[in-house]
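# A structural walkthrough
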Amino acid sequence: MPLSCGIVGLPNVGKSTIFNALTRSAQALAANYPFATIDPNVGEVAVPDPRLAVLQSVVSAQRIVPATVRFVDIAGLVRGASAGEGLGNAFLSHIRETDAIAMVLRCFTDTDVTHVEGAPDPRRDAEIVGIELALADLATMRKRLPKLEREIRANPKMREQYDAAERLTSALEEGTPARTFAPGSLEAAVAADAFLLTAKPVLYVANVDEAQLAEGAAHVEDVRAIARAEQGRAVVLCGKVEAELAGLSEAEAEEFRAELGMVRSGLDDLAAAAYDLLGLMTFLTAGEKEARAWPIRRGTKAPQAAGTIHGDIERGFIRAEIVSYDDYVELRTMEALRAAGRVRSEGREYVMQEGDVVNFRFNV
């Protein structure tokens, strides 16, 4: 299954508006009352990549095919969700099925749009979401510990895993999310095995109003501070403006953004940040039919990357002919690249690098 990023937050913070703008659709109901979204909405969103247009011009490709990232619009969470309040268990199960979280924090004030906590406060709202996820994880670990304890009797080597589970449980009791444990640690492995919600990487999204796009606001700085404290990332956008832009032609949208002083779409920033958060990177192919970006997990080797194009290419893999993007744009043809010694032949153990332009050789 493709990796996905869940759009999470309290009710009425703009999640569905942002999702509809991202997917250029109206499939998610955006309404001024809690739980307008019940069943999660799913959409594939293109990841902006200016390299594709350049490659298209070089090889005269008929079309461009960008990489995509999957977003899931999930119902709003309220205090007590871990105990079944609101859509409680359903909400938490939908998050569990995603691979990362984009937490939308409302930074705008609008008397026409109610806030379940009375008024916007990103720090408080992020804490509510974080506590509910931690409480759900704590319930999971408290059920898991007795099971691990029984397994120790049959296999004493399980003691290390049990001790790690205890440390993880203690951290959750103190409000520390599982994602703070180092990747590769035993605690991180236990958290992954238990499908803990707080083990998922988080991206913070500050949803502002139109005026705040130009001027900024204290609430936006609060969101950035939350992200910095976790060595994470924050994206600032105006869901309302992005929804309006999504309904315009590209030329009209560009003019509108210029009027607002927007250098680029906040949605582009969100898509790119989610792509990175999911641990994805891109390799490129270029030919007469298309210039295409292929998403793969960081650390993927050449044969498995070939398999994203077609299973037969992976099975019959011989080698990968690799050219750097900059070299391809400079010399423009494979003949010139070969003559200049810029084409590398890589085998099965080659780990793909961001922006590799690739031609896979394989047996049919």
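Here goes a summary of the coordinates provided.

Scoring rules and cut-offs
Residues numbered from 1 in each chain as written. Predicted model: local features only at pLDDT ≥ 70, side-chain atom pairs only at ≥ 80, totals over all residues. Heavy atoms only, no water. Helix = DSSP H or I, 4+ residues; strand = E, 2+ residues; numbered from the N terminus. Rg over C-alpha atoms; globule rule 2.2 N^0.38 Å. Buried < 20%, exposed > 50% of the residue type's maximum accessible area, 1.4 Å probe, protein only. Contact = heavy atoms within 4.5 Å. Areas by Shrake-Rupley, 256 points an atom, 1.4 Å probe, with all protein chains shown as cover. Axes fitted to C-alpha atoms, helices over the stretch in contact; angles between N-to-C directions. Parallel < 35°, antiparallel > 145°, perpendicular 65-115°, else oblique. Phe/Tyr/Trp six-rings, centres within 6.5 Å; stacked < 30°, edge-to-face > 60°. Lys, Arg positive; Asp, Glu negative; His and termini not counted. Salt bridge = Lys/Arg side-chain N within 4 Å of Asp/Glu carboxyl O. Core = buried A, V, L, I, M, F, W, Y, C linked by side-chain atoms within 4.5 Å.

## Here we look at the overall build of the protein chain
Within the protein chain, the secondary structure is distributed over 15 helices and 12 strands. For a compact globule of 364 residues, the expected C-alpha radius of gyration is about 21 Å, and the protein chain comes in at 23 Å, within 12% of that figure. Once the C-alpha set of the protein chain is aligned to its principal axes, its extents read approximately 65 × 65 × 30 Å. The buried share among the 364 residues of the protein chain stands at 46%. Pairs at least 24 apart in sequence give 68% of the contacts found in the protein chain among residues at least 6 apart. Looking at the protein chain as shown, the accessible area adds up to about 17,700 Å², and 50% of this sits on carbon and sulfur atoms.

## Quick look at the packing of helix H4 (residues 122-154) against helix H8 (residues 218-229)
What describes two packed helices is the angle between their axes and the distance between those same axes. At a minimum axis separation of 9 Å, H4 and H8 run at an interaxial angle of 40°. Viewed along their axes, H4 and H8 adopt a mutual orientation that is oblique. Of H8, the residues touching H4 (which contributes Pro122, Arg123 and Ala126) are His219, Asp222, Val223, Ala225 and Ile226.

## Quick look at unusual backbone geometry
Where the residue is not glycine, phi is negative for most of them; where a peptide bond is considered, it is trans in most cases. For Gln231, which is not glycine, the phi dihedral falls at a positive 55°. Relative to the helices and strands, Gln231 is located in the loop between H8 and strand E7 (233-237). Note on Gln231: relative accessible area 77%, which makes it exposed. Phi angles above zero are rare outside glycine, and Arg332 is one such case at about 75°.

## Some thoughts on the packing of aromatic side chains
Overall, the coordinates contain 3 aromatic pairs when judged by the stated rule. Judged by centre distance (5.8 Å) and plane angle (90°), the ring pair of Phe283 and Phe360 falls under edge-to-face. With Phe283 in strand E8 (residues 280-286) and Phe360 in strand E12 (residues 357-362), the pair connects residues that are 77 residues apart, well separated along the chain. Looking at Phe283, the relative accessible area reads 0%, which means it is buried.

## Observations regarding the side chain of Lys15
On the secondary structure map, Lys15 appears in helix H1 (residues 15-23). For the buried Lys15, no salt bridge exists, and the shortest N-O distance to an oppositely charged side chain is 5.7 Å, to Asp73.

## Concerning the nonpolar core
A general trend in soluble globular proteins is that nonpolar side chains are found buried together. Counting 74 residues, the largest nonpolar core has Val69, Phe71 and Leu270 as the members making the most contacts within it. Leaving out residues up to four positions away in the same chain, Phe71 has contacts with Cys5, Ile7, Phe19, Leu22, Asn41, Val42, Gly43, Val45, Leu270, Ala271 and Ala274. Ala134, Leu148, Ile152 and Val190 belong to the second largest nonpolar core, which has 17 residues in total.

## What to know about the environment of Glu132
Counting through the fold element by element, Glu132 comes out in helix H4. Put simply, Glu132 and Gly175 are 43 residues apart on the chain and 9.9 Å apart in space, counted from C-alpha to C-alpha.

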